[in-house]
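# Observations on the model geometry
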Amino acid sequence: MLITKLWEMLRSKISPEPVDHEKLWNQLVKARGCIKCNKEPKGFYEGPTGGMSVNVFCTQCGQGYNLSPIIHWAELIHKDERYIEAKQSK
Ligand SMILES: [Zn+2]
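Structure report, in brief.

The helix and strand inventory of the chain stands at three helices and four strands. When the elements of the chain are put in sequence order from the N terminus, they spell out α-α-β-β-β-β-α. Overall, the chain is about 45 × 25 × 20 Å in size when its C-alpha atoms are taken along their principal axes. A total of 90 residues make up the chain; the buried ones form 14% of that total. Considering only contacts within the chain whose residues lie at least 6 apart along the sequence, 29% involve residues at least 24 apart.

This is the structure we're talking about:
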């Protein structure tokens, strides 16, 4: 499983076309947080980690990101709907 992931990361760096994970990473760094909402204060909370990547979720809109800081790699994942529901019911 880790091998598959590493291969995907490598391929995404070599291949000129598909999803540019490094571009997404740069957008996140530039925005200093979530790029799906512009709510302040920006922040992430940490979800499950595996290997050298970590899942984080926006504390405002729940948008998830899978990050590999070492290689500046980012991928959009699911929204944490349960977190948002719990936040709204407060
Ligand atoms: Zn957000």
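Right, picking up where we left off after that structure.
The next subject is the nonpolar core. If you look at the biggest cluster of nonpolar residues, it comprises eight residues: Cys 34, Val 56, Phe 57, Cys 58, Tyr 65, Leu 67, Trp 73 and Ala 74. Elements with a contribution of two residues or more to this core: β2 (53-58), β3 (63-68) and β4 (73-79). Among the elements that take part in this core, β2 stands out by supplying three residues, more than any other. Filtering out sequence-adjacent residues up to four positions away, Phe 57 remains in contact with Phe 44, Tyr 45, Gly 47, Gly 62, Gln 63, Gly 64, Asp 80 and Tyr 83.

The linkage connecting Glu 40 with the following residue, Pro 41, adopts the cis geometry, with an omega of -5°. Non-glycine residue Arg 32 carries a positive phi angle of around 55°. By the secondary structure assignment, Arg 32 is in the loop between α2 (21-31) and β1 (44-50). For His 72, which is not glycine, the phi dihedral falls at a positive 55°. Along the chain, the position of His 72 falls in the loop between β3 and β4. Using a count of 16 C-beta atoms within 10 Å as the deciding quantity, one classes His 72 as partly exposed.

Rules used throughout
- Starting from 1, residues in each chain are numbered consecutively following that chain's sequence as written.
- The model is predicted, so local features are restricted to residues of pLDDT at least 70 and side-chain atom pairs to those at 80 or more, both for listing and for counting; the totals for chains, interfaces and linings are taken over all residues.
- In this text, helices come from DSSP runs of H or I with a minimum length of four residues, and strands from runs of E with a minimum of two, each type numbered from the N-terminal end.
- Whether a residue is buried, exposed or partly exposed follows from its count of other C-beta atoms within 10 Å of its own C-beta, namely 20 or more, 12 or fewer, or something in between, respectively; the C-beta atoms are built from the backbone.
- Contact between residues is assigned whenever the C-beta positions, reconstructed from backbone atoms, fall within 7 Å.
- Here a nonpolar core is just a set of buried residues of the types Ala, Val, Leu, Ile, Met, Phe, Trp, Tyr and Cys, joined wherever their C-beta atoms sit within 7 Å.

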